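Next come the chains, spelled out residue by residue.
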Amino acid sequence: MRNTDRIVRCLLPEIEGKEVLEVACGTAEFSLSAARWAKRVTCIDIEESRLDERVKKQDNICFRVMDASKMDFEGEAFDTIIVYNAIYHIKDQYDEILEECRRVLKPEGHIFLISTWKLDLALMREKFGGTQGPMEGEHFVGEEYSNQGKGIREGGIIRLGK
């Protein structure tokens, strides 16, 4: 089972039947896994060059070339927003992108910062605290997502609200 499939299963209540946005999607590997359960997955990236060709064949996935710091979606359009293995890539625009994610997130929705990469994990620890064990700080840390054996190994999931 791929990491993205494991993560989607861990986050199933946040994905199943929902409008999901994947920000800075790269290959859109997470979107492909989430599409099995989500009502619709929209994935965006600054360029299309790395996009997995299978994305274009999925009826409930829509890819758009878009700057995540200046999204052209209407406000409160998505139930769940995912940033998967992209923290390092967006680090210079993190605050702007997070603000934009919160704008397009429905009031009861959540933003998930997910990492299985060491570069991303280091930045997550720097931003949210902790050097060992669960990261702690002002934001909820999704221990129940990543530490139950069914989640990701040597990775992290942080859940943010609106």
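Each chain carries its own residue numbering, running from 1 in the written order of its sequence. Only residues with pLDDT of at least 70 are given local features in this predicted model, and only at 80 or more are side-chain atom pairs given and counted; all residues enter the totals for whole chains, interfaces and linings. By convention in this description, side-chain values take in all heavy atoms of the structure and omit both hydrogens and water.

Asks: Help me understand the packing of aromatic side chains in this model?
Replies: One pair of aromatic rings is described through two measures. These are the centre distance and the angle between the planes. Two rings from Phe, Tyr or Trp (for Trp, the six-membered ring) form a pair when their centres are within 6.5 Å of each other. A pair whose planes differ by under 30 degrees is stacked, one over 60 is edge-to-face, and the rest are tilted. Tallying each qualifying case throughout the model produces two aromatic pairs. The interplanar angle of 40 degrees and the centroid separation of 5.7 Å between the aromatic rings of F30 and Y84 together place this pair among those described as tilted. Placement of F30 in helix α3 (residues 29–34) and of Y84 in strand β4 (residues 78–84) is noted, with a sequence separation of 54 residues between them. Of the two residues examined, F30 and Y84, each falls in the buried class. Relative to F78, the ring of F73 lies with its centre 5.0 Å away and its plane at 80 degrees, an arrangement referred to as edge-to-face. By the burial criterion, F73 is buried, and F78 matches it. Helix and strand labels come from DSSP, where a helix needs a run of H or I of at least four residues and a strand needs a run of E of at least two; each type is numbered from the N terminus. A simple rule labels every residue: compare its accessible area, found with a 1.4 Å probe on the protein chains alone, to the largest value its type can have, and call it buried under 20%, exposed over 50%, or partly exposed in between.

Asks: How should I be thinking about unusual backbone geometry in this particular structure?
Replies: The phi torsion of most residues other than glycine is negative, and most of the peptide bonds are trans. Even without being glycine, A24 reaches a positive phi, approximately 55 degrees. By the secondary structure assignment, A24 is in the loop between β1 (19–22) and α3. Of note, A28 is a non-glycine position whose phi angle comes to about 70 degrees, a positive value. With respect to the element layout, A28 can be found in the loop between β1 and α3. Relative accessible area serves as the criterion here: at 0%, A28 is assigned to the buried category.

Asks: Explain the side chain of D5 here, please?
Replies: Position of D5 relative to the elements: it lies in helix α1 (residues 3–10). Look at D5 and you get buried, because its relative accessible area is 12%. Every residue pair with non-hydrogen atoms within 4.5 Å of one another is taken to be in contact. Apart from the residues within four sequence positions on either side, D5 is in contact with S33 and R36.

Asks: Quick question: what am I supposed to make of the environment of R40 here?
Replies: With respect to the helices, strands and loops of the structure, R40 is situated in strand β2 (residues 40–45). The exposure class assigned to R40 is partly exposed, which follows from its relative accessible area of 32%. C-alpha separation for the pair R40 and V20, spaced 20 residues apart in sequence, amounts to 6.2 Å.

Asks: Can you help me understand helix α5 (residues 94–104) in this one?
Replies: Every α-helix carries 3.6 residues per turn, so stepping three or four residues along brings you back to the same face. Those residues of α5 that fall on the buried side of the exposure criterion are Y94, I97, L98, E100, C101 and V104. The buried residues of α5 occupy an angular sector of 165 degrees when projected down its axis, which confines them to one face. Projecting away from the buried face of α5 at angles above 90 degrees are the exposed residues D95 and E99. Note: the arc covers the axis-to-C-beta directions of the helix.

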